[in-house]
Amino acid sequence: MKASLRIALAVVLLQLFSLLLQGFLDVYKYSTLLTDLVRSRLEVVALDIKANLEATVALGLALSETSNADEMIKRMRQQDALIKRIAIFEVTGTRSIAVYDTDSTSVKTEIPASWQKLNLRSGDDPWGLEEGLDTQVVGVPIRDHLGRTIGGIAIRFDSSALRARHDAMVRAMVQAVLPILSIAVLFGLLSTLLLMSKLQAEVKALGDVFQDDGTLLHRDQASPVGAHPLARIPEVIQALAQSEAELSSARGGGHQEGA
Amino acid sequence: MSTAPLVDGGRLVRLQRVLFWTTIALFVVSAAVLTWRAGAIFEHDLSPEVSLKGHVLARSLTVQVNRALALGIPIERLVGMDEFLDDFIEAHTEVAYVAVTNADNEVLYIRGVSVDDVRASLQGHPFYSERTFLIIGNASYYNTRLPLANQLGALHVGVRANYVRKRMMEIGADAVIVLFVSVLIAFEVLTLLISAGIKARINSVMRLLRHINEGNFSYLAMIRGNDELDHLAKRLNHIVTVIDSRFAQLQEQLVAQAKTLPERLTAYRFAQPPTVEFRPALEAIRVPLFLFVLSEELSRSFLPIFARELAGTLAHIPLDVVVSLPICVYMLVFAIATPFAGNLADRFGNRPIFMLGALCSIVGFVWLAFVSSFLQLILARAICAAGYSIATIAVQNYLVSNAPSGSQARAQALFVGGVMIAGMAGTSFGGVLAERIGYRMTFGVGALTSAIALLVFYCSPDTASIKRSGEAHKRRFQFLDLWQLLKVRRFAGLMLFAAIPAKILLAGFLFYLTPLYLMKLGFSQSDIGRSVMMYFLLVYFGNYLSSWLADRFAMRWSLVVAGGCIAGVGLLSILVVPQESLAVLIGIACLGLGTAISTAPMMAIATGMFSQGAGPATTAVVVAVRLLERFGSFMGPIIAAAAVVLAGYRGAIVVIGTLGSICAMALWLSFVIGRPRKKAVANL
């Protein structure tokens, strides 16, 4: 491969690397921002429920005795299309049981172990986790006036919509990157080849002035590099040829003398 | 007849410069356009989400205000509303203002930004719909208006429309880092392609032409590849080989006929077979070195944070001390492995040893990406340390062995430059990567980068025939040398009060405390990476200033003392600067500056002490200094962690800063007290 082409390709690859890396990081940033916004929105919903329930608990009632909780979570679920399920659960010993749930089949059943673990570990902060590709969960612990975690709220939401928007973003970024990349690559290629062309011409000119046996083709032509450095080659070839001829004639003479 | 240069060195440098700037211009323009396009897409796509969140926040707030109203409290007499609304705004960064209006649309309560303008706007337009886009002054907001119970009034929540754009600024900062890393990589790659790809080939052809011009036909040019320069070299080699063969045949016939060489041929030199003349391009090692060090530096800004996540389950030892262990073990293995690595490089050659080091790093990083326990983390880091030690020693030996005489300083500069540039790029880029793709994936990227370094090294013809460094060094370092050196009081003082404390500050403060403390102060992983990068940036550029000062004004001791003082006192700024994060940044900057101005003079003093007489070899002194420095690096995190346990992060920084300052003062005292007579000082 020609040196100029190799450098031009390197410049192009560096361009590709830089733009694709930036595009890749931008897409990641978009996904993070979008997920953050959706999660924080749903955290607000969970925190609203938590405020309601903690106020009830402060009056001395158990979580399962909250009168409007069921109606509240059903209403909140209807207000946001992303929400698949809202569960209010109570910690009883080492288990956590759903006391109110928009999925009526899950009431009085144990909630997933991963929710329980995060709910107990998060202190007073919201928590979140991914459940496969299309579902995510945000939650907040419910605490009593002594600061003990007595339960929690979990909102499971559909993240396939987020994924679809992520994919759309990737397509949009590809559409944005491609023209920039094409122009940058073309310009990089042309400018590098242009910059390298003079050097290449000089190398070619040097190679063009002699044949493979060392004979100079254009002895009189002004060399691109000034006084020609290969002038010693014809000299040595001539010297070798003369010596070979002398040796041959001497051998011939010797033969003749012998004859 | 003179051999005119095909292309002179200056022209190649100019070509390299033009290529480099053209590439950078392309990078900058395309990155700017991409960032601008991405920003537009983000804003268009995410703004509705921000508005939606504003609506949910307004709904949540309305419920709470309605609860108070339901108790029969008149809307004009709600107590503590200002504090309540302030807390709400503080908890939600995207919210710019919250206002409550009565049934006559008079603003009763309002908190947030530009309250007068917002008040005027809300009162002037009573018929806002549930969601309105408001432009007030120079700012714009998504205003959500929800009615309060019994039509007593309405609640307005204004969310900043530029919230997404503000978050986009983070992308802008990251784009600058990506650009910075790309530019550094472009610089390294173009240097490799011009130096090893063109300059080395041209030099090879030029040397052959010079030989031919001198009538010397006993050498051939090195063939590195298959480009036009190689074709030219091949043609010239062919001619030389043909001439040498003809001469060999002629000589055979002359010998057979017992005749002497004709006079006309005595002016020439021939060889059968001719020797391939090979001089490796030293720059060829820069790209593998850069990539290899980059892979290690990628995790620099988050390693303690990652260690903390895994260390959670260990009992009995304070968590802060446990978190320091991976760094300590790394430094310890690094220190122990260095002399052995040097001996291995002597025995087996630099090429297999570099490849062994790179392989160790790949294994270490792959393991790090999958570690499931703290012990595994420590073991994986130990493997990485061994790999780093082995590979960097191989590179240094390569440079020392192959540098032409008189170019040793340039060879050393190639190494230091590569390491520092990789440090700058790695720490900042590692932070960005970790924030986006997570710690484990970033370790995976580290493994991939090491693998690419190995591949580039393996494929480079210039690294293929590395001389064994044993030829260059007559005597290797022995541990006994260290003892002999430490018996020299001034050397011991220099090590104890300058070399070791400098590394305690570096490893204890920068590598251990900074990531953990900045994370605690709410810095993002990218911010931490950028902060750590500042150190490498200052060291890289400060080094030039320091070398110039040291050589021009012969003030080496003063520079070492000043460097120690700057680094130590800089850390103590946390005592007077009220903003803790700013104090940490000042500490990093002072550490970088202090290290930059003291490192080179310190080494010059250490080697200068033994440059005359029958003292130990310079190499032995350098290895001893490095070994003691690594002991400091090992101690740094332990001291810092113990201080954190006793006094917290702020206290630990004060402890480390005090230690650095005291050592600098002790060095100054030892310099003043033990100052040799004038004549001897002049030698320093």
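Quick caveat, the model's predicted, so the values are computed rather than measured.

A. Highlighting the nonpolar core. Formed by 170 residues in total, the largest nonpolar core has its most connected members in B:Phe509 and B:Leu513. In terms of residue count, the dominant contributor to this core is helix H4 (residues 163-213) of chain B (22 residues). Ignoring anything within four residues of it in the chain, the contact list for B:Leu513 reads B:Gly508, B:Ala640, B:Val644, B:Tyr649, B:Ala652, B:Ile653 and B:Ile656. Formed by 68 residues, the second largest nonpolar core is a distinct cluster that contains A:Leu42, A:Ile49, B:Val50 and B:Ile75.

B. Looking closely at the packing of aromatic side chains. Residues and elements named next belong to chain B. Per the counting criterion, the structure on display carries 21 aromatic pairs over all chains. Aromatic side chains Phe-302 and Phe-443 sit 5.4 Å apart centroid to centroid with 65° between the ring planes, which places their arrangement in the edge-to-face category. On the criterion of sequence distance, the pair formed by Phe-302 in the loop between helix H6 (286-297) and helix H7 (303-311) and Phe-443 in helix H12 (residues 439-459) is long-range, its members being 141 residues apart. On the basis of relative accessible area, Phe-443 is assigned to the buried category, the value being 1%. Considering the side-chain rings of Phe-306 and Phe-443, the 5.1 Å spacing of their centres and the 65° angle between planes classify their relative orientation as edge-to-face. Taken as a pair, Phe-306 in helix H7 and Phe-443 in helix H12 lie far apart in primary sequence, 137 residues in all. Connected via pairs of aromatic rings, a cluster forms that spans Phe-292, Tyr-330, Phe-334, Phe-354, Tyr-388 and Phe-457.

C. Layout of empty space enclosed by the protein. Residues and elements named next belong to chain B. Tallying each qualifying case throughout the model produces 4 cavities of 30 Å³ or more. Contributing elements (two or more residues each) for the lining of the largest cavity: helix H14 (489-520), helix H16 (556-572), helix H17 (580-608) and helix H18 (618-673). Take the lining of the largest cavity: its biggest share by element is 7 residues, from H14. In the lining of the largest cavity, the residues fall into 12 nonpolar, 7 polar and 2 charged. Size it by volume and the second largest cavity reaches roughly 90 Å³.

D. Representation of the state of the cysteines within the structure. All names here are of chain B. This structure, assessed with the given rule, holds 0 disulfides over all chains. No disulfide involves Cys-663; its nearest neighbouring cysteine sulfur is the one of Cys-565, lying 11 Å away. Classification of Cys-663 as buried rests on a relative accessible area of 12%.

E. Structural detail: the sheet that holds strand E4 (residues 139-147) of chain B. Residue and element names in this part refer to chain B. Taken in spatial order, the 5 strands of this open sheet run E2-E1-E5-E4-E3, and their pairing is antiparallel. Looking at which strands have only one partner, the edges of the open sheet turn out to be strand E2 (107-112) and strand E3 (131-136). Averaged over all adjacent pairs, the angle separating strand axes in this sheet is 20°, with direction ignored. Bridge analysis of strand E1 (residues 95-102) against E2 gives 5 bridges, and the strand direction is antiparallel. Pairing of Ala-99 across the sheet is with Ile-110, part of E2. Of the strands in this sheet, E1, E2, E3, E4 and strand E5 (153-160) touch helix H3 (residues 115-124), which is tilted by about 140° from E2.

F. Summary view of the sheet that holds strand E1 (residues 83-92) of chain A. All names here are of chain A. Spatially, the 5 strands line up as an open sheet ordered E2-E1-E5-E4-E3, and their pairing is antiparallel. Taken across any chain shown, the strands that pair with only one partner, and hence form the sheet edges, are strand E2 (95-101) and strand E3 (127-131). Here the average twist between neighbouring strands, direction ignored, is 30°. As paired elements, strand E4 (residues 135-143) and strand E5 (residues 149-158) share 9 bridges and run antiparallel to each other. The partner of Val-140 across the bridge, within E5, is Ile-153. Those strands touched by helix H1 (residues 3-58) are E1, E3, E4 and E5, and its axis lies near 30° from that of E4. Sheet contacts for helix H2 (residues 69-79): E1 and E2; angle to E1, the most-contacted strand, approximately 150°.

G. Representation of the interface of chain A and chain B. Listed by partner, the interface residues are 81 residues for chain A and 89 residues for chain B. Both sides of the chain A and chain B interface together cover about 7,800 Å² of buried area, and 69% of this is carbon and sulfur. In this assembly, chain A and chain B are joined by 5 salt bridges. A salt bridge links A:Glu244 to B:Arg246; its shortest N-O distance comes to 2.9 Å. Across the chain A-chain B interface, the total number found is 14 residue pairs in polar contact (both at pLDDT 80 or more). Elements represented by at least two residues in the side of chain A that touches chain B include exactly H1, helix H4 (160-208) and helix H5 (232-258) of chain A. At 31 residues, H1(A) tops the list of elements feeding residues into the side of chain A that touches chain B. Split into classes, the residues belonging to the side of chain A that touches chain B amount to 46 nonpolar, 18 polar and 17 charged.

Criteria and thresholds
Residues numbered from 1 in each chain as written. Chains lettered and ligands numbered in written order. Predicted model: local features only at pLDDT ≥ 70, side-chain atom pairs only at ≥ 80, totals over all residues. Heavy atoms only, no water. Core = buried A, V, L, I, M, F, W, Y, C linked by side-chain atoms within 4.5 Å. Buried < 20%, exposed > 50% of the residue type's maximum accessible area, 1.4 Å probe, protein only. Helix = DSSP H or I, 4+ residues; strand = E, 2+ residues; numbered from the N terminus. Contact = heavy atoms within 4.5 Å. Phe/Tyr/Trp six-rings, centres within 6.5 Å; stacked < 30°, edge-to-face > 60°. 1 Å grid on protein atoms, 1.4 Å probe; cavity = no way out; pocket = protein on both sides within 12 Å on 5 of 7 lines; lining within 4 Å. Points joined across faces, edges and corners; volume = space filled by probe spheres on them. Nonpolar A, V, L, I, M, F, W, Y, C, P; charged D, E, K, R; others polar. Disulfide = S-S within 2.5 Å. Pairing = 2+ DSSP bridges. Axes fitted to C-alpha atoms, helices over the stretch in contact; angles between N-to-C directions. Buried area = accessible area lost by both parts, 1.4 Å probe. Salt bridge = Lys/Arg side-chain N within 4 Å of Asp/Glu carboxyl O. Polar contact = N/O pair within 3.5 Å; in protein donor to acceptor, adjacent residues only side chain to side chain.

Just distances and angles here, no functional claims.
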